[in-house]
Amino acid sequence: MTDRGSDYIELHCHSCYSLCDGASTPAELIARAAGLGMDALALTDHDAVYGAPLFVAAARARGMHPILGAELTLTDDSHLTLLVENATGWRNLCRLISMARHHTPRGRPALPPAALDDHTGGLICLTGCRQGPVAAPLRRLDMPGAVRAATWLRERFGPERTFVELQHHLHPGDAVLVRRLAELARHLGLHTVATNNVHYARRDQQPLHDLLTAIRHRTSLDDAGKRLRANSEYYLKSGGRLMPLFGAYPEALAATRAIAGRCIFTLQYGLQDLPCFPTPPGYDADGYLARLCAEALPCRYPGNPERACRQLAHELHIIARAHLSNYVLIVWDLVRYARTQGIRCQGRGSAANSLVAYLLGISPIDPLRYDLVFERFLSAERPALPDIDLDIASDRREEVIQYVFRTYGPAHAAMACTFSTFQERSALRDVARALDVTTEHLLLEGDHTPDRVRTLAATLCRQLNNLPRHLGQHNGGMVLTRAPLADRVPVEPAAMPGRAVVQWDKTMLEDVGLVKIDLLGLRMLAVLSEAGRLVGDQRGEPFDLDRLTFDDPAIYQLLAAADTIGVFQVESRAQAQMLPRLRPQQFADIVVAISLIRPGPIQGDMVHPYLRRRLGQEAVAYLHPRLKPALEETLGVILFQEQVIKVARDLAGFTPGEGERLRRALGAGKGPEAIAPFRDAFLAGAARNGVAGPVAAAVFRQLEAFGGYSFPKSHAAAFAVIVYQSAWLKRYYPAAFLTALLNHQPMGFWPPAVLVRDARRHQVRVAPLDIHASGMRCVLEMDGSVRLGLNYVSGLSEAGAGRIIAARPFAGLADLCRRTRLPKGLVERLILAGACDGWGTERRRLLWELGTFHYAADELDLPIPGSTVDLPALTADEARELQMALLGVSTGDHVLARWRDALTARGYLDSLALARCPDGQRARVIGVVVVHQAPPTAKGFHFITLEDESGMINVIVRPYLVPLYRERRGGHLLKVEGIVQHEAGVVNLVATRLAPLARE
Amino acid sequence: MSRFWSDGIPLEVTVDALATPAAFAWRGRYHTVDRVIERWRVDEGWWKRRAWREYFQLVTHSGLLVLIYHDVRIDQWRLQRVYD
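Everything in this summary refers to the structure shown in the same document. (Residues numbered from 1 in each chain as written. Chains lettered and ligands numbered in written order. Predicted model: local features only at pLDDT ≥ 70, side-chain atom pairs only at ≥ 80, totals over all residues. Heavy atoms only, no water.)

### Quick notes on helix H17 (residues 427-435) of chain A
Residues and elements named next belong to chain A. Selection criterion: Type-normalised accessible area, obtained with a 1.4 Å probe on protein chains alone, sets the label of each residue: buried when under 20%, exposed when over 50%, and partly exposed for intermediate values. For helices the rule is a DSSP run of H or I covering at least 4 residues; for strands it is a run of E covering at least 2, with both sets numbered from the N terminus onward. Here a residue-residue contact requires only that any non-hydrogen atoms of the pair lie within 4.5 Å.
For H17, a buried count of seven out of nine residues is recorded, marking the element as mostly surrounded by other parts of the structure. Those residues of H17 that sit buried are Ala427, Leu428, Asp430, Val431, Ala432, Ala434 and Leu435. Looking at the buried residues of H17, the elements they touch are helix H8 (206-216), helix H9 (221-224), helix H18 (439-443), helix H19 (452-464) and strand E10 (468-480). Positive phi shows up at aspartate 436, right after H17, with a value of about 65°.

Given below as structure tokens:
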């Protein structure tokens, strides 16, 4: 390589964030550039800076200089390469991209050239590829056009910032074009610069790039034709490789380094970027925050406020020193708004560790009472931004989002984006289309003959895996800035009208230090709101769930009995198995319960040791004495997310920042390579602390198994409040609770049918759908029964339901049809679901009658005078089946109730009788399958939950029986023989024989 | 008028150190290359039959203007076009 060659820096480079027009990730490009000896590299994706944070991080990790930029599409379809010199340039680039994105329909950005007039400062302009405004006319031999375009750019960017871009990809005509461009540059007194318009890091990625091109154009590779590039020269090349192509223009190669040297912009934001919360006169943010907290303190801590006062002063001091008061006030304001509107919301995440958050009503948890440590929220040494995320009643979250837009203005608020990515499996369809074969051909199972196409497809799918495909809107992550957002990061329209997203996702925003507030929709909060309202109606006085104290023994009994169907977080099969062993007796136990049944503790094998230790069946032990402080509160096992950080600190001397990075790496699931550096550092650090190698390795293995799939304690505590509140509703107001649950489906672990049957077992009356009685939604009737709502009729729109409600009562079927003008199919569904039973006419007869009506296009004729027929009435079983099929719930008796006597006579036990069986006894049961699980952690065991008229039956299927039982769909009847197993209050039936029964 | 062979006709070519054609034999005559006017590269069709060719448009000392290519995968030279 010559000296000049090694001076080359690539300034025109697309990553996979040129969505479907780039095959390499920013990190791959950086790695390759480093391999080629470049100490800088530019990223110029199409009309976007999506990849910038990853690019910057990858470059910094290798000590390289990242240059940011973009290739902008102009309205005449020409392309312009822009590079960011300084902060002004970045601001202008962000504005230009935002303008291009907003100017045209979504997905087809284009910038009106006039927009460049005031936004060229700090930007270096390269005249672009073959499609550039200068090259394109030159290729048509339109010299005046080319001169005009180049002059126009020179006027906008200035001669020092305008470079005529030379590209040579060994296409016919490239050499001539380069010569003409160079001549034109000389003529106009402009400099030239060579680039390679990179679209992939290595030559062998050409197929992947062609594939992406075909996918982008929704065509096959064969039909893509000229849209594919004719050769594979668009890889990242060294200066040495480009030398022969630009031999006559050494200054064009050398210019790359000079330009790179001028681009000194770095990407970094911070808290000062948040909008200013308007404080009352005489108060700054620190002062106002202190005042609000001081005002709230006596109410929260009547009588003995000393400890709280001390803690408050400490927290306020740290918050003020971290310049976070403004941030806390902004969140407080959102919570306050939600509360005044009657929207349930509460903070999640580490905020619950803070007394300030508790006093302001952001967090529902008293951190002093439940031993939550403020330092986990914020400490002098904690580098990461604290996160205050809000869970909001899902049905009204939009109102809070709208409040943010109203308060701070659309120019200062937008949603984070998400990137939907190609997945190896689902990419198969795209690959099949590109290769012009059927997916069936690619999937042909059992055919092991070598097939070139299949091998090729498999390779391509693997390469596509995880590449970004298109942009979405993050579910609730909002970015707020003091300066207009478009000065910080490009903003583009989201699919939802009137909604904008920034060009970075959640993690990227975090990486560059832009503050994001998560406003998450939580259906259970909506349930609590509605149920709380119903309870208030029932009691005749306003009722506030938040006034509950967490000390009612009846609630802990309910939890310990695993009578938890419908209750937040603790209703699953796995929870039901664990709760009777855990026997929660106080609030802290609920925190443990929801933290235990998480992928982290389960995979880390923490659940059983914890339960044994808690029950005193096993001594609390630590792999090393140094672990005691971190793990003492959880009996020696790792249960909470922050314990990873503490273990890393105590055993291996990690700083909190390093610990946080370790936790993130473990949780990211990026495989052994990503973890390896952390392991090395961990083992080395542990050795320095005198920890024996095998012990340190064992602890690290535990951390790995634990991963990041766990709750921080504070988060679990905030959720535990919702667990308690929902359990309380189930215990004391099951009808109100069921009504609200039914109105916010889908949610939770169990389908509505199970919720309804469980409620019936708790003496809740559930009334069927009735066109004369049902409301838009499920309602609690005066007599205390739950009435199914018209929202359970699939296909019936809100407008249709509204017409029924407005027009009733109906004299008969014809009247219903005439005045609601519902389509025949819907009326049929209403009849079959029993909604028209009120007329006292049998359902089959109503259907017959419906069939005699003439549905004209818009008008309904009078019915033909009915000819009478004899039709058999529906049996109870038929009626229930229809109700299930049409509504997803059934209000009638359980299918087995009618058969119980016969089943008992044949020796089948019901769920109550089964629970009374001694351990080890053989038993036979029949039930409806409501859940069938085969968790990956269960080593081949399957778990089936059966339901009969009196409750649930847990069936354990050993691996050897699994192949004998293929039916996986729920809803069918299953006959099980097995051995009763009692384990700490949980009754299971270990199957020895399984036999599905035909329906009915 | 120039003559064109869509599949090209096989050619014996001598290359220099930079893999650029220096001379070739055609119809019993030996032609030495005067200068390469343009060269380009085609590399496409990887999903069925990959075509990877180095094209050279060149003038011989004998005054011929020809287009020849090197099929890199099978290491074979072909004459595609002779310009008048």
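Next comes the rest of the account.
### Examining the pairing of strand E12 (residues 500-505) of chain A
Residue and element names in this part refer to chain A. Quick reminder of the rule: DSSP calls a pair of strands paired once it identifies at least 2 bridges connecting them.
Most of E12 sits out of view: six of its six residues are buried. Where strand E9 (residues 413-421) lies against E12, two bridges are found, and the strand directions are parallel. Looking at the pairing, cysteine 417 lines up with aspartate 505 of E12. One ladder, built from three bridges, connects strand E11 (residues 491-493) with E12; its direction is antiparallel. Considered in E12, the bridge of proline 493 is made with alanine 500. Between E11 and E12, which follow one another and run antiparallel, lie six residues, and glycine 498 among them has a positive phi close to 75°.

### So, unusual backbone geometry
Residue and element names in this part refer to chain A. Cis peptide bonds are those with omega within 30 degrees of zero, and the linkage from glutamine 745 to proline 746 qualifies with 0°. Positionally, proline 746 belongs in the loop between helix H33 (734-743) and helix H34 (752-761). Note that the residue after arginine 808, namely proline 809, is joined by a cis bond; omega there is 5°. Mapped onto the elements of the fold, proline 809 is located in the loop between helix H35 (798-807) and helix H36 (813-820). For aspartate 436, which is not a glycine, the phi torsion comes out positive at approximately 65°. In this structure aspartate 436 comes out as exposed when scored by relative accessible area, which is 53%. One non-glycine residue, lysine 939, adopts positive backbone phi at about 55°. Topologically, lysine 939 is positioned in the loop between strand E17 (922-933) and strand E18 (942-948). Given the relative accessible area of 70%, lysine 939 is considered exposed.

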